[in-house]
Protein chains: 2
Amino acid sequence: MSKYWSKQVHQLHPYVPGEQPKIANLVKLNTNESPYGPSPKVLQLLRDELVERGDDLRLYPDPTSQSLVHTIAQYHGLQDNQVFVGNGSDEVLAHAFNAFFIQTKPLLFPDISYSFYPVYCGLYGIDYRAVPLAEDFSIEAADYREAGGVILPNPNAPTGMLLSLAEIEELLQANRQCVVIIDEAYVNFGGQSAASLIDRYDNLLVVQTLSKSRALAGMRVGFALGHADLIDGLVRVKDSFNSYPVDRLAQLAAQASFEDEAHFQVSCQAVIRDRELLVAALAERGFHVLPSSANFVFAAHASKAAADIAVGLRAQGVIVRHFNKPRIDNFLRITIGTPEQNTALLAALDRLVD
Amino acid sequence: MSKYWSKQVHQLHPYVPGEQPKIANLVKLNTNESPYGPSPKVLQLLRDELVERGDDLRLYPDPTSQSLVHTIAQYHGLQDNQVFVGNGSDEVLAHAFNAFFIQTKPLLFPDISYSFYPVYCGLYGIDYRAVPLAEDFSIEAADYREAGGVILPNPNAPTGMLLSLAEIEELLQANRQCVVIIDEAYVNFGGQSAASLIDRYDNLLVVQTLSKSRALAGMRVGFALGHADLIDGLVRVKDSFNSYPVDRLAQLAAQASFEDEAHFQVSCQAVIRDRELLVAALAERGFHVLPSSANFVFAAHASKAAADIAVGLRAQGVIVRHFNKPRIDNFLRITIGTPEQNTALLAALDRLVD
């Protein structure tokens with residue numbers, strides 16, 4: 001608290017990111033990072049850049065990330081003016097809340113969802129209504145109507161559960177009056193992107209990140225896909241905030257990632273395969289696991305409290321995420337690790353639950 | 001324009017950054033980048049990181065940039081809780097406008113100054129008053145009183161002119177009721193940092209960047225120094241916007257830069273020396289040059305229009321910045337380049353002016 005703060009700063013409820021502990025040999029399954037590294041071609045390109053043109057770091061990056069924008073547009077079969085790049089999908093989302101969701105009617109999003117959404121609403125003074133998930137934790141598309149805006153993750157987080165493209169389209173048709181954001185941070189682990197609907201719905205914005213399936217959380221690149229008028233709105237907000245949000249190496253790394261489709265596919269498939277193995281192994285150990293299309297599972301044990309399991313795992317060097325919130329306080333969100341990490345997790349669990 | 005935009009997006013007047021043309025062999029003197037590369041130790045550290053721990057790019061960076069914050073605090077003789085790091089000083093400034101300048105009374109800044117300030121005001125709905133510079137383009141500290149906030153660059157941009165620490169202190173004493181930001185993007189080229197006043201003025205925020213004197217514009221790192229309560233306000237806003245604004249390589253690069261004081265000093269001294277040579281050479285060619293403490297000069301020719309000179313230079317592969325604005329439309333802002341670039345500039349000028 002300070003008398004020097006703008007008034008609204010006192011009312012902010014900042015997001016609390018999963019911890020990034022600096023402990024060696026931790027089995028880190030708490031922030032949904034990829035268990036595999038980025039494409040070796042990404043690392044090679046960055047090394048070459050530093051050797052051949054290292055002094056160019058003295059120069060500002062391209063403020064529009066034009067080359068990366070073009071690569072992403074080509075990859076998704078879109079035009080360059082349908083792509084916006086930012087400093088991680090969190091920054092892209094922040095600009096999108098500002099650009100589209102300050103409306104008379106409230107913004108709608110699921111009550112159990114990415115916990116940054118209400119934080120953005122606090123930052124921009126956006127009125128919102130959290131729509132309860134069904135009893136089985138699924139999103140009912142029909143619950144989202146007459147909104148000032150709609151945002152949902154697909155698959156949802158932290159549940160991991162997926163909406164079909166048909167359900168997304170139903171939601172778009174019921175909300176032609178406002179922007180609908182589909183936040184696809186985890187879509188590459190079993191979902192279908194709504195990007196294919198962009199040319200039919202000028203109110204659809206699809207947001208993706210390179211932090212999960214492309215293993216570049218450390219480089220902070222995310223992007224939005226949508227009608228050129230929506231992208232233009234994002235650009236106007238971005239250029240009123242920070243002209244150069246994506247640094248030279250991040251632009252290069254992101255671009256190289258899209259140019260190694262094989263590495264991307266192999267990594268995603270390995271995570272999907274190991275997710276199914278982990279789901280079965282957790283079920284054997286008395287866990288109820290929600291059906292996941294993400295790189296994590298959301299699981300509740302039949303008899304042992306999630307908070308206690310999280311503490312017990314941590315004591316053994318395994319960290320997972322526990323949200324102390326209504327309806328989900330008995331669940332753990334567990335990132336899919338390497339086969340070795342998943343085995344270590346199960347061994348640690350075996351020491352805690354019967 | 002789009003019916004889907006939030007209302008205020010239609011009223012934004014985004015900042016227009018200096019161009020980053022992709023033309024080879026350009027003498028690029030338009031965006032005040034360092035003519036020299038970053039410390040070789042920065043490049044070496046980044047290369048080593050990519051070789052030894054490249055796969056760590058899959059992991060999120062430290063959201064608080066703690067190690068970098070500590071390095072900067074030590075460098076400036078401050079505590080860690082007096083330092084805030086962001087994605088370039090533009091992002092730091094954006095958060096600071098939001099955190100401190102939404103007040104009942106108007107924000108004050110010079111009428112000729114960094115043109116992003118009024119843009120931030122548009123983004124956050126901040127009422128401001130542009131205070132005219134004196135006839136000789138100097139800032140009169142006594143003109144800034146009873147404000148809801150004060151921000152000024154020192155040295156000022158695009159004039160390059162410096163306020164003394166005594167004048168800064170006069171300004172702080174006259175404005176104990178609000179936050180005063182001293183934007184020191186160019187302070188290392190001849191100014192004295194106001195960081196030494198932080199422990200006496202809890203309303204002072206000093207903002208610096210690694211984009212100019214540390215030759216890391218391409219990596220996007222800036223920071224703020226001030227009382228822990230002000231830093232806390234910035235952290236609250238940042239964590240309501242984007243938890244991880246500075247990527248892993250940017251944090252490392254910035255830290256390594258502070259660990260090579262010799263490279264930093266040699267680069268700054270070379271720029272200062274070449275600035276004095278350029279000022280003399282421009283004066284010989286009929287230019288009026290404002291006294292500069294920055295890595296650029298602001299110069300008007302006695303008889304030839306600045307806009308025409310800029311076009312004539314561009315035709316010869318030399319780009320400088322011209323602002324088509326009242327009072328300064330006859331000036332050119334020219335970044336100090338390498339001795340070779342400065343010679344090329346003068347040769348190109350000799351073909352245009354007598």
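Residues numbered from 1 in each chain as written. Chains lettered and ligands numbered in written order. Predicted model: local features only at pLDDT ≥ 70, side-chain atom pairs only at ≥ 80, totals over all residues. Heavy atoms only, no water.

Moving on: the interface of chain B and chain A. For interface size, the figure often reported is the accessible area lost on association. Taken together, the contact between chain B and chain A spans 86 residues of the former and 87 residues of the latter. When the two sides are added together, the surface that chain B and chain A hide from each other amounts to roughly 7,000 Å², 55% of it contributed by carbon and sulfur. Linking chain B with chain A are 0 salt bridges. Across the contact surface, chain B and chain A share 50 residue pairs in polar contact (both at pLDDT 80 or more). (Contact = heavy atoms within 4.5 Å. Buried area = accessible area lost by both parts, 1.4 Å probe. Salt bridge = Lys/Arg side-chain N within 4 Å of Asp/Glu carboxyl O. Polar contact = N/O pair within 3.5 Å; in protein donor to acceptor, adjacent residues only side chain to side chain.)

Attention now goes to the relation of the copies chain B and chain A. Superposing chain B onto chain A takes a rotation of 180 degrees combined with a translation of 0.0 Å along the rotation axis, leaving an RMSD of 0.0 Å. What we have between these two chains is a two-fold relation. Identified as the residue of chain B closest to the rotation axis by C-alpha distance is Arg47(B), at 2.9 Å. When the interface residues of chain B are mapped onto chain A, 100% of them are again interface residues, pointing to one common binding face. (Least-squares fit on C-alpha atoms with pLDDT ≥ 70 in both.)

Side chains of Glu135(A), Asp136(A), Glu140(A) and Asp143(A) sit close together on the surface and give a patch of like negative charge. You can see Asp143(A) is positioned in the loop between β4 (128-131) and β5 (149-153). (Patch = residues over 30% accessible without salt bridge, like charges linked within 9 Å, V, L, I, M, F, W, Y side chains within 5 Å. Areas by Shrake-Rupley, 256 points an atom, 1.4 Å probe, with all protein chains shown as cover. Lys, Arg positive; Asp, Glu negative; His and termini not counted. Charge placed at Lys NZ, Arg CZ, Asp CG, Glu CD. Helix = DSSP H or I, 4+ residues; strand = E, 2+ residues; numbered from the N terminus.)

Moving on, we get to the packing of aromatic side chains. The final tally for this structure, using the stated rule, is 33 aromatic pairs over all chains. Consider the rings of Phe97(A) and Phe101(A), whose centres lie 5.1 Å apart with planes at 80 degrees: the pair is edge-to-face. Residue Phe97(A) is classed as buried on the basis of its relative accessible area of 0%. Looking at Phe101(A), the relative accessible area reads 1%, which means it is buried. Pairing Phe223(B) with Phe258(B) gives two aromatic rings, centres 6.0 Å apart and planes at 65 degrees, and the pair type is edge-to-face. Of this pair, Phe223(B) sits in strand β8 (residues 222-226) while Phe258(B) sits in helix α7 (residues 248-258), placing them 35 residues apart in sequence. A relative accessible area of 7% means that Phe258(B) is categorised as buried. (Phe/Tyr/Trp six-rings, centres within 6.5 Å; stacked < 30°, edge-to-face > 60°. Buried < 20%, exposed > 50% of the residue type's maximum accessible area, 1.4 Å probe, protein only.)

A few words now on unusual backbone geometry. The phi torsion of most residues other than glycine is negative, and most of the peptide bonds are trans. For the bond from Asn154(B) to Pro155(B), the omega torsion is -5 degrees, close enough to zero to count as cis. The residue Pro155(B) is located in the loop between β5 (149-153) and α5 (165-173) in this model. Residue Pro158(B) is reached from Ala157(B) by a cis peptide bond, and omega for that bond is 5 degrees. Mapped onto the secondary structure, Pro158(B) falls in the loop between β5 and α5. At Arg327(A), a residue that is not glycine, the phi angle is positive and equals roughly 75 degrees. By the secondary structure assignment, Arg327(A) is in the loop between β11 (318-319) and β12 (331-335).

What follows covers the pairing of strand β6 (residues 180-183) of chain B. All names here are of chain B. The alternating pattern of β6 places Val-180 and Ile-182 on one face and Ile-181 and Asp-183 on the opposite face, and all of these are buried. In this sheet, β6 lies alongside β5 in parallel orientation, the contact comprising 4 bridges. Bridge pairing links Val-150 to Val-180 in β6. Considered for its hand, the β-α-β crossover made up of β5, α5 and β6 is right-handed. Looking at chain direction, β6 and strand β7 (residues 204-209) are connected through 4 bridges and run parallel. Of the residues in β7, the one forming a bridge with Asp-183 is Val-207. (Pairing = 2+ DSSP bridges. Right-handed = clockwise from strand over helix to strand, strands pointing away.)

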